[in-house]
Amino acid sequence: MKEVERIIRVDHAGEFGAISIYSAQRTVAKFLYKDIVDKLDEMLGHEKDHFKTFDNWLKKNKVRHCYALAFWSLGGYILGFITALLGRKAIWVCTNAVETTVLHHLDLQLSYLKMYETTAYEAVLSIKNDEEEHQKFGSLHGSNAKVYLPIKWVVKYSTKFAIWLSTKL
């Protein structure tokens, strides 16, 4: 059960970070890219729902949250703010990189949870479609131009680092 608790705790923290990313991007987009605010609001709404799903699971099962929530929030906000300042394509490159990393992580979790804990499996599975939609949208509207590779790399590895750190806290 400790592994299941750790999985949901990390996912809960990740959703907290995603809320911060989209919130920061939305803040910048309100001034610079008004045409994408509605899409960012939609994605932000999904992430808030995902956070509630994991928060409810943690409370129901009397499991503490990750001690790194403040790290996820601050890191997510900085990442979202900087990518938004770099342009609308950078926002979608960020979305694609985060969600690609998260989806790989979720797939590993789902294979484990399916064998060991039904309610946690269902909680993780319930968010997967939204995350896939975000990843596809980011892929379609971002860019594969070499100029965006550093953003993709930083986002991917900072997401992996945050996931790893959360498993320790």
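Each remark here, short or long, concerns the structure printed above.
The model shown is predicted, which means the values in this text are computed figures rather than measured ones.

**Q** Lay out the overall build of the protein chain with the relevant residues and their values.
**A** Helix and strand counts for the protein chain come out as six helices and zero strands. The order of α-helices and β-strands along the protein chain, N terminus first, is α-α-α-α-α-α. Relative to a compact globule of 169 residues, whose C-alpha radius of gyration would be 15 Å, the protein chain shows 15 Å and is just as compact. For the C-alpha atoms alone, the extent of the protein chain along its principal axes is close to 45 × 25 × 25 Å. Put simply, the protein chain has 169 residues, and 50% of those count as buried. Put simply, 84% of the contacts in the protein chain that link residues at least 6 apart link residues at least 24 apart.

**Q** Give a description of the nonpolar core that names residues and reports values.
**A** Counting residues in hydrophobic clusters, the biggest one holds 27 residues, and the most contacted among them are Ile-8, Trp-57, Leu-113, Val-124 and Val-155. Those elements giving two or more residues to this core turn out to be helix H1 (2-32), helix H2 (37-60), helix H4 (88-116), helix H5 (118-141) and helix H6 (149-168). With ten residues, the single largest contributor to this core is H4.

**Q** Describe unusual backbone geometry, listing the residues and the values that go with them.
**A** One non-glycine residue, Lys-62, adopts positive backbone phi at about 55°. Among the secondary structure elements, Lys-62 is positioned in the loop between H2 and helix H3 (69-85).

**Q** Talk me through the environment of Ile-36; I want residue IDs and the actual numbers.
**A** Inspection of the secondary structure puts Ile-36 in the loop between H1 and H2. A sequence separation of 22 residues divides Ile-36 from Gly-14, and the C-alpha atoms of the two residues are 23 Å apart. The contacts of Ile-36, once residues within four sequence positions are left out, are Ala-29, Arg-88, Ile-91 and Trp-92.

**Q** Which residues make up the side chain of Glu-99, and what values do they have?
**A** Position of Glu-99 relative to the elements: it lies in helix H4. It is Lys-39 that comes nearest to the buried, bridge-free Glu-99 among opposite-charge side chains, at 11 Å. Of note is the side chain of Glu-99, whose polar atom sits 3.2 Å from the side chain of His-134. If sequence neighbours within four positions are ignored, Glu-99 has contacts with Tyr-22, Glu-47, Glu-131, His-134 and Gln-135.

**Q** Give a detailed account of the pattern of salt bridges, specifying residues and quantitative values.
**A** For the coordinates displayed, the defined rule picks out eight salt bridges. Lys-2 serves as the salt-bridge partner of Glu-5, at 3.9 Å between the closest nitrogen and oxygen. Within this pair, Glu-5 and its partner Lys-2 are both found in helix H1, separated by three residues, close to a single helical turn. A salt bridge links Asp-55 to Lys-59; its shortest N-O distance comes to 2.9 Å. Residue Asp-55 and its partner Lys-59 are located together in helix H2, separated by four residues, close to a single helical turn. Put simply, Asp-107, Lys-128 and Glu-132 are held in one network by salt bridges that share partners.

Analysis parameters
Residues numbered from 1 in each chain as written. Predicted model: local features only at pLDDT ≥ 70, side-chain atom pairs only at ≥ 80, totals over all residues. Heavy atoms only, no water. Helix = DSSP H or I, 4+ residues; strand = E, 2+ residues; numbered from the N terminus. Rg over C-alpha atoms; globule rule 2.2 N^0.38 Å. Buried < 20%, exposed > 50% of the residue type's maximum accessible area, 1.4 Å probe, protein only. Contact = heavy atoms within 4.5 Å. Core = buried A, V, L, I, M, F, W, Y, C linked by side-chain atoms within 4.5 Å. Lys, Arg positive; Asp, Glu negative; His and termini not counted. Salt bridge = Lys/Arg side-chain N within 4 Å of Asp/Glu carboxyl O. Polar contact = N/O pair within 3.5 Å; in protein donor to acceptor, adjacent residues only side chain to side chain.

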